[in-house]
Amino acid sequence: MDIIEKNSTTSNGIMAEVSLPRDVYTDPVAFIRTVREGLSGRVLKQAIDALSADRDLFVRLLETDSGNLHRFYKRKALGRAQSEEVLDTLKLYVETAKVFGDRDIGQEWLHTEVPALSGSRPVELLDTFAGREMVRQVLRKISYGEFS
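Definitions and limits used
Residues numbered from 1 in each chain as written. Predicted model: local features only at pLDDT ≥ 70, side-chain atom pairs only at ≥ 80, totals over all residues. Heavy atoms only, no water. pLDDT = per-residue confidence, 0-100. Contact = heavy atoms within 4.5 Å. Buried < 20%, exposed > 50% of the residue type's maximum accessible area, 1.4 Å probe, protein only. Helix = DSSP H or I, 4+ residues; strand = E, 2+ residues; numbered from the N terminus. Arc of directions from axis to C-beta. Phe/Tyr/Trp six-rings, centres within 6.5 Å; stacked < 30°, edge-to-face > 60°. Salt bridge = Lys/Arg side-chain N within 4 Å of Asp/Glu carboxyl O.

(A) Representation of the confidence of the model for the protein chain in the model. Averaged over the protein chain, the pLDDT score is 90; the fraction of residues at 70 or greater is 91%. With pLDDT under 50 throughout, residues 1-12 is counted as low confidence; its partners more than four residues away or in other chains account for 31 contacts.

In structure tokens form, the structure reads like this:
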């Protein structure tokens, strides 16, 4: 499971920085299998390092505080619920980079107030399933040219 793979659309993106098989981001069966196995603390640390500007998001996802985050890095595997939250969030970062064609532009958008999200910044909504789905809906509209 710990294979570093690159994607041409998101080169130097999250897929290149986090040791997960590429198909986890695109294949629902691979996603479920990875959730069931549980993400390792090492993979979690890689994700947080890759998205260091959004460290607080991971604190909220894992329902912990900043001072205890390092304890998760030592775990052999996170539980299913935590693994699914983190993995789905990583998947959304990959989707955002793909929609915008660039990781940096995608991350900038995630930190910008979006009228279609009632003026919220997308990153503020990523700590819940419903919030991630709202962001995905807006990304789909952008990819179909409904929003700019």
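(B) Layout of helix α2 (residues 28-37). Three or more residues of α2 are buried, namely Ala30, Phe31, Thr34 and Val35. One side of α2 carries all its buried residues, which in axial view fall inside an arc of 135°. Exposed and oriented more than 90 degrees from the buried face of α2 are Pro28, Val29 and Arg36. Looking at the buried positions of α2, the neighbouring elements they touch are α6 (80-100). The positive-phi residue at the C-terminal boundary of α2 is glycine 38, with phi of around 90°.

(C) Quick look at the packing of aromatic side chains. Enumeration over the complete set of coordinates arrives at 1 aromatic pair. Here the aromatic rings of phenylalanine 100 and tryptophan 109 are separated by 5.5 Å at their centres, their planes lie at 40°, and the arrangement is tilted. Judged by relative accessible area, phenylalanine 100 falls into the partly exposed class, the value being 25%. Classification of tryptophan 109 as buried rests on a relative accessible area of 12%.

(D) Summary view of the pattern of salt bridges. Applying the stated criterion across every chain yields a total of 9 salt bridges. In this structure, arginine 132 engages aspartate 88 in a salt bridge whose closest nitrogen and oxygen atoms are separated by 2.6 Å. With arginine 132 in helix α8 (residues 129-143) and aspartate 88 in helix α6, the pair connects residues that are 44 residues apart, well separated along the chain. What makes aspartate 88 buried here is its relative accessible area of 9%. Residues participating in the shared-partner salt-bridge network are Glu85, Asp88, Glu95, Arg132, Glu133 and Arg136.

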